[in-house]
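# Residue-level structure breakdown
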Amino acid sequence: MKLLRPLVLLALATVAPFTARAAEDAAPGLAVGQPAPLRDVRMPGVDGRATAIADVAGKQGTLVIFMCQHCPWVKAWQTRIARVGKEAIQRGVGVIAINSNDIAALPEDDLDHMVAQARQLGLAFPYVMDSTSDVARAFGATHTPEAYLFDARGRLVYHGAVDDNARDEKRAKQRWLRDAVEAVAGGRAVPVAETKAMGCGIRLRAKVQG
Amino acid sequence: MLRCALLVALLLAPAGCGSRGIGGRPGPEAAARASTPAAGPGRAGPVVPIDAPGIRALVTRPGARATLVNVWASWCMPCREEFPALLRVARAHAGEGLRLVLVSADFDDQLPAVHRFLSAQGVGDTSYLQSGDVQAFIDGMDRRWSGALPATFVYDRAGRMTAFWEGAADEARFASAVEAALTSSPGREDPAP
């Protein structure tokens, strides 16, 4: 036992790097209060035009939603996303949806599928492809769907999920994104600034150096 | 020197340690609600609803020197890709007391796909289906978790988290994390499971 104790201590010391590494692994993410990064980068969209976040910025704010076509979580929420987006635009909040997935790994997320998805949903806002995944990388976006709402001054005021029940809208008790959009449109503080939901990890393209 | 010490520590640790190998055991209430697949060759075990406190209870339950919890989904490509490596590591260390807890984040109506995937992977023991409030589940597991899948959590014998990451991992990463957790939990014999 006397021999074992120092060995255990040595062994425990090896655990520390794992703990530290875990903290590094957590996505840094955009913090509340920060502006949207890469807001001037134009991305090809389902409407055949290239659109940047800055292009859609509304008088009252801007909503950026990372989504895609293949993900069941997006499919569960996409009707609500389309509706909240349409209402946001009507209230002076600009909207853009971004697909950052690597289509080499996820062919269902290519532009043709995005076009069909946008048509089916009747999206009232640009739906673009982040062809380098750099925009997702800059946001620290990790999964789809993931919403970022910026106020009239361009500061992040809400980050997270659409609501608290992807599986059944009728059973959703918290409609976080809708409430945040209404608050921003009305010039008020959002009730809840950060929420979480599960989703499909964004399959980032390899970073292009230089 | 350190490597030798770790090796000795591992050798001194009791082998077998009551590991149940792949999967854990549900409580009676959960078991009653468990979903079981149709009978067939290589069929998957029951899939039992679980929330974060339920997982907490599993990782602190005596009978294992370390526990690896992997949250996955049948439709999640990186989850599917890392699964074979995860199982190889889990099986390689099952005899040393590693407990594997597989938690599917699929929706209820995707259970057939869950069973098909587990069956194809040769997972015949009990596994789990995330249930209840999703945000509470995410934060209950770890506040650093964004909710992206897959997500992996490794605990030592006492239920202390020794590693967490989100996104897919390779075999080396699973092995390193598991070996560190096992190494941090040597010593006394485990109670019988």
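Values in this document were obtained by computation on a predicted structure and should not be read as measured data. (Residues numbered from 1 in each chain as written. Chains lettered and ligands numbered in written order. Predicted model: local features only at pLDDT ≥ 70, side-chain atom pairs only at ≥ 80, totals over all residues. Heavy atoms only, no water.)

### Digging into helix 3 (residues 52-60) of chain B
All names here are of chain B. As a reminder, the rule being used: Per-residue accessibility, obtained with a 1.4 Å probe over protein chains only, is compared with the maximum for each type, and a residue is labelled buried under 20%, exposed over 50%, and partly exposed between these values. A helix here means a DSSP run of H or I that spans at least four residues, while a strand means a run of E at least two residues long, and both kinds are numbered starting from the N terminus. This arc is built from the directions going out from the helix axis to the C-beta atoms. The contact definition used throughout considers only heavy atoms, calling two residues in contact when any of these lie within 4.5 Å.
Within helix 3, the full set of buried residues consists of Ala52, Ile55, Leu58 and Val59. Taken end-on, helix 3 shows its buried residues confined to a sector of 115°, consistent with a single buried face. Contacts from the buried residues of helix 3 go to strand 1 (47-50), strand 2 (66-72), strand 3 (98-104), strand 4 (127-130), helix 6 (134-141) and strand 6 (151-156).

### Describing helix 5 (residues 111-120) of chain B
Residue and element names in this part refer to chain B. Three or more residues of helix 5 are buried, namely Leu111, Val114, His115, Phe117 and Leu118. Viewed end-on, helix 5 has its buried residues packed into an arc of 165°, placing them on one side of the element. Exposed residues on helix 5 whose side chains face more than 90 degrees from its buried face are Arg116 and Ala120. Of the residues one or two after helix 5, Gly122 is the one with positive phi, at around 75°.

### Concerning the state of the cysteines
What counts is decided by this rule: Our working definition of a disulfide is a cysteine sulfur pair at a distance within 2.5 Å.
According to the stated counting rule, one finds two disulfides over all chains in the structure shown. Across the disulfide from Cys71 of chain A sits Cys200 of chain A; the S-S distance is 2.1 Å. Between Cys71 of chain A and Cys200 of chain A the disulfide shows an S-S torsion of about 85°. By sign, it is right-handed. In this pair, Cys71 of chain A is assigned in the loop between strand 3 (61-66) and helix 4 (72-90) and Cys200 of chain A in strand 9 (residues 199-201), connecting sequence segments 129 residues apart. With respect to burial, Cys71 of chain A and Cys200 of chain A carry one shared label: buried. One disulfide in the model links Cys76 of chain B with Cys79 of chain B; its S-S distance is 2.1 Å. Looking down the S-S bond of the Cys76 of chain B and Cys79 of chain B bridge, the torsion is 75°, so its handedness is right-handed. Note on accessibility: Cys76 of chain B and Cys79 of chain B belong to one class, buried. Considering cysteine sulfurs only, Cys71 of chain A is the nearest to Cys68 of chain A, which forms no disulfide, with 4.9 Å between them.

### Let's talk about the pattern of salt bridges
Rules: The salt bridge criterion pairs a side-chain nitrogen of Lys or Arg with a carboxyl oxygen of Asp or Glu, the two atoms within 4 Å.
As enumerated under the stated definition, the model contains 17 salt bridges over all chains in all. With its nearest N and O atoms 3.6 Å apart, the salt bridge here joins Asp47 of chain A to Arg49 of chain A. Residues Asp142 of chain B and Arg144 of chain B are paired through a salt bridge, measuring 2.8 Å at the closest nitrogen-oxygen approach. One continuous salt-bridge network, built from bridges that share partners, spans Arg80, Arg83, Asp163 and Glu169 of chain A.

### Digging into the confidence of the model for chain A
What counts here: Each residue carries a pLDDT value, the predictor's own confidence for that position, ranging from 0 to 100.
In this model, chain A carries an average pLDDT of 88, and 87% of its residues clear a pLDDT of 70 or more. Within the model, the stretch residues 1-27 of chain A combines pLDDT values under 50 with 35 contacts to residues more than four positions away or in other chains.

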